[in-house]
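Results of the structural survey
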Amino acid sequence: MVSFLSIIAGITGVPEPTLRLLVTLGLGYPIAKWYNKMYLKGKGAIVTAATVTERNMFILISGLALAIFFNGAEIYHSLLTIAGTYGFLLLGDRIGNRLYGTAAAWLFNAIYLLAGYYYTATDDYDVTWTMPQCILCLRLMGFAFDFYDGKTSVVKVEGPEPTKKAEESTDHLTSVRPTAQAKPPNKLPWSFAADTPLEHLPEFTQVLAYCYFPSAFLVGPQFSFSLYRRWLSSSPMHEDNAVDQEEAEKDQLRYVFRCLGLAIVYLAIQQGIGGQYPTSYLLTEEYASLCFLRRAWIFLVSGKFVYNKYIGVWMLTEGASAYFGITYEGKDGEGRRSFGGLANALPATFELATSIDHVIAAFNINTNLWTKYYVFKRLRFLNNKTFSQFGALAFLAIWHGLHINYFTTFFCEFAVTYCESILRKRLYPCVQTYTSKNALLLAAWKVVAWCTCSAALHYCVVQFDLLKFSKMWTAYSNVYFIGHFVLLAIFVVDKFVLKKPVRTPKNKVQ
């Protein structure tokens, strides 16, 4: 029987699995509107324990419905891993050793995901149950670490009801990392604030709802269970004044429509223009017959559109998350309401990036933050920042899948970051002498930096999209591995040709 989605897919040219993905993400908007109408608008600031339970059930039922729509019967994979993780953590707590429970949860989720990759892998990207499973894998791993951290956390009692009953309820316990004082609260990310540790294992229904959050279970963003619990027990954007309340709701809608508009623009460009430059074209004889400069240009354009589709999808899910109100960070120093707490991409920063640091700060933001808190910082025992960075990238490569190109891509990213630091160390002191005195030269330098950053970024990501080593070899052979040789040359010249740069000691401020 021909489904409605297959008819739309035939008309638009969008593959049916991709269309199902977009529809699932789009359904987050009416669900968020329904949630606002039922639990936020005109409900006041006080949230009772009964309302918390009701809200949680709404999120759980709606999230499960979307998961069933997307995955069908294969939803059992996510249900099994959630139940297994919860069971391991509960058992570890009962025997008095959370470390064992956390280790078991990590191994269980890693093995299950990698086994899924192995049995479903093909030569192309497939939108299957492993897509939301990889998001769930990180969510459960982070949840396990938060529960482990809770044994050494400082506990504060907070909640919507300042009563004895509330203080005795685990729904209102907030654990704070012992190191929270090392960084001011306003410097911590909204998705992973200081209260991530969990002193007690939450109710299973809350963990289920957290994992199936309607706008975040499919492609992210990642955020802590503590944020979900805080949001569930509060009334975001509540204002005592009716005029201010109306303005807050207008600000929210403006942000939602901004995200939705950007998502439509990115996805439309991807379908209309990006479809003309697929990475598969780089493997054809027609492409190989073109002149080198044209080949190089098309190569970089193809890499550019690999990123575009991700930004479009993330903007789509960010709009729905903002509509739920979970992204609301409050007012900034100038009194403006901020809804970007769970932004997974910053399009303007990404498009105008002049360094890899800018890219990392603007692309797949919350996954990068997750990796920073749960992998990079946990590798501090290596006593080497470079080793920790390499370990974090290796983890991300394995998390993406078993294809060799994931590993070569992240190694390439590591090499680009390293070489960029060399260039900054070598060139910046010389260039700064001129750019600091001439605005035109500064603008020219930024253009050069943007071009080199964009070229490196788009050059490296092509292999990520091609998956297979043989395909990668063919594509890069057609441009003579020029980017690889440039990176190698920078490394060799820095290590074996030029003298080490002399560091000028900074004058201490008295």
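1. Considering the overall build of the chain
Scanning the chain for helices and strands turns up 21 helices and four strands. Relative to the 2.2 N^0.38 estimate, which gives 24 Å for 510 residues, the radius of gyration of the chain is 24 Å and therefore close to what a compact globule would have. Projecting the C-alpha coordinates of the chain onto the three principal axes gives extents of approximately 75 × 70 × 55 Å. Here the contacts in the chain between residues at least 6 apart in sequence split such that 72% fall between residues at least 24 apart. Carbon and sulfur atoms make up 65% of the accessible area of the chain, which amounts to about 26200 Å² in all. Between the mean site of the 46 positive side-chain charges and the mean site of the 36 negative ones, the chain shows a separation of 9 Å.

2. So, unusual backbone geometry
Cis geometry is adopted by the peptide bond preceding Pro 221, which originates at Gly 220 and carries an omega value of 10°. Within the fold, Pro 221 resides in the loop between helix 9 (204–211) and helix 10 (225–232). Not every positive phi belongs to a glycine, and Asn 383 is a case in point at roughly 60°. The residue Asn 383 is located in the loop between helix 16 (365–376) and helix 17 (385–400) in this model. The phi dihedral of Tyr 480 is positive, around 60°, even though this residue is not glycine.

3. Some points on the nonpolar core
Ranked by internal contacts, the top residues of the largest apolar core, which has 128 residues, are Ile 59, Phe 213, Phe 223, Tyr 228, Trp 231, Phe 299 and Trp 370. When residues in this core are grouped by element, the largest group, 13 residues, is from helix 13 (residues 292–324). When residues no more than four places from it in sequence are discounted, the contact partners of Tyr 228 are Asn 56, Ile 59, Gln 206, Ala 209, Tyr 210, Phe 213, Phe 223 and Ile 326.

4. Some thoughts on the layout of surface pockets
If you roll a probe as big as a water molecule over the atoms, it shows you where there is empty space left. As a volume, the second largest pocket reaches approximately 970 Å³. Taken together, 33 residues make up the lining of the second largest pocket; nearest its centre are Glu 420, Leu 423, Ala 449, Thr 452 and Cys 453. Put simply, the parts of the chain that give the lining of the second largest pocket at least two residues each are helix 13, helix 15 (356–362), helix 18 (404–435), helix 19 (439–466) and helix 21 (482–497). Classifying every residue of the lining of the second largest pocket by side-chain character gives 24 nonpolar, six polar and three charged.

5. Remarks on helix 10
Burial within helix 10 is extensive, with seven of its eight residues counted as buried. Burial in helix 10 covers these residues: Phe 225, Ser 226, Leu 227, Tyr 228, Arg 229, Trp 231 and Leu 232.

6. Some thoughts on empty space enclosed by the protein
Taken as a whole and assessed by the stated rule, the structure comprises two cavities of 30 Å³ or more. Taken as a whole, the largest cavity encloses approximately 90 Å³ of empty space. When contributions to the lining of the largest cavity are tallied by element, the ones reaching two or more residues are helix 5 (76–94) and helix 7 (130–149). With three residues, helix 7 is the largest single contributor of residues to the lining of the largest cavity.

7. A few points about the side chain of Thr 317
Mapped onto the secondary structure, Thr 317 falls in helix 13. Ignoring anything within four residues of it in the chain, the contact list for Thr 317 reads Leu 25, Ser 215, Ala 216, Val 219, Gly 220 and Pro 221.

8. Here we look at the packing of helix 2 (residues 16–26) against helix 4 (residues 49–71)
How two helices pack is summed up by the angle between their axes together with the distance between the axes. It is at 10 Å that the axes of helix 2 and helix 4 come closest, and there the two elements cross at 170°. The angle between helix 2 and helix 4 falls in the class roughly antiparallel. On helix 4, the residues that touch Arg 20, Leu 21, Val 23 and Thr 24 of helix 2 are Leu 66, Phe 69 and Phe 70. Partitioned by chemical class, the residues of the contact of helix 2 with helix 4 number five nonpolar, one polar and one charged.

9. Section: the packing of aromatic side chains
Evaluation of the coordinates by the stated rule reveals 51 aromatic pairs. Centroid distance Trp 106 to Phe 145: 5.2 Å. Interplanar angle 70°. Geometry classified as edge-to-face. Of this pair, Trp 106 sits in helix 6 (residues 98–120) while Phe 145 sits in helix 7, and the two are 39 residues apart along the sequence. Taken as a pair, Trp 106 and Phe 145 share a single burial class, namely buried. Geometry around Phe 69 places Arg 20 over its ring, the cationic atom sitting 5.0 Å from the centre. The ring of Trp 190 carries the charged tip of Arg 230 above its face, separated from the ring centre by 5.2 Å.

10. Quick word on the pattern of salt bridges
Inspection of the entire model under this criterion finds 13 salt bridges. Across the pair Asp 93 and Arg 98 runs a salt bridge whose closest N-O atoms are separated by 3.3 Å. Arg 337 is the salt-bridge partner of Asp 251, the closest N and O atoms lying 2.9 Å from each other. Here the residue Asp 251 occupies a position in helix 11 (residues 242–272), and Arg 337 occupies one in strand 4 (residues 337–338), the gap between them amounting to 86 residues.

11. A few points about the side chain of Thr 417
Of note, Thr 417 is situated in helix 18. Its relative accessible area of 15% is what places Thr 417 among the buried residues. Reaching out from Thr 417, the side chain makes a polar contact with the backbone oxygen of Glu 413 at a distance of 2.9 Å.

12. Let's talk about the packing of helix 2 against helix 3 (residues 28–39)
For the pair helix 2 and helix 3, interaxial distance at closest approach is 4 Å and the crossing angle is 15°. Put simply, helix 2 runs roughly parallel to helix 3. Residues Thr 24, Leu 25 and Gly 26 of helix 2 touch helix 3, and the partners they reach there are Gly 28, Tyr 29 and Pro 30. When the residues that make up the contact of helix 2 with helix 3 are grouped by side-chain class, the tally is three nonpolar, three polar and no charged.

Rules and cut-offs
Residues numbered from 1 in each chain as written. Predicted model: local features only at pLDDT ≥ 70, side-chain atom pairs only at ≥ 80, totals over all residues. Heavy atoms only, no water. Helix = DSSP H or I, 4+ residues; strand = E, 2+ residues; numbered from the N terminus. Rg over C-alpha atoms; globule rule 2.2 N^0.38 Å. Contact = heavy atoms within 4.5 Å. Areas by Shrake-Rupley, 256 points an atom, 1.4 Å probe, with all protein chains shown as cover. Lys, Arg positive; Asp, Glu negative; His and termini not counted. Charge placed at Lys NZ, Arg CZ, Asp CG, Glu CD. Core = buried A, V, L, I, M, F, W, Y, C linked by side-chain atoms within 4.5 Å. Buried < 20%, exposed > 50% of the residue type's maximum accessible area, 1.4 Å probe, protein only. 1 Å grid on protein atoms, 1.4 Å probe; cavity = no way out; pocket = protein on both sides within 12 Å on 5 of 7 lines; lining within 4 Å. Points joined across faces, edges and corners; volume = space filled by probe spheres on them. Nonpolar A, V, L, I, M, F, W, Y, C, P; charged D, E, K, R; others polar. Axes fitted to C-alpha atoms, helices over the stretch in contact; angles between N-to-C directions. Parallel < 35°, antiparallel > 145°, perpendicular 65-115°, else oblique. Phe/Tyr/Trp six-rings, centres within 6.5 Å; stacked < 30°, edge-to-face > 60°. Lys NZ or Arg CZ within 6 Å of the ring centre and 35° of its normal. Salt bridge = Lys/Arg side-chain N within 4 Å of Asp/Glu carboxyl O. Polar contact = N/O pair within 3.5 Å; in protein donor to acceptor, adjacent residues only side chain to side chain.

What is shown is where atoms sit, not what they do.
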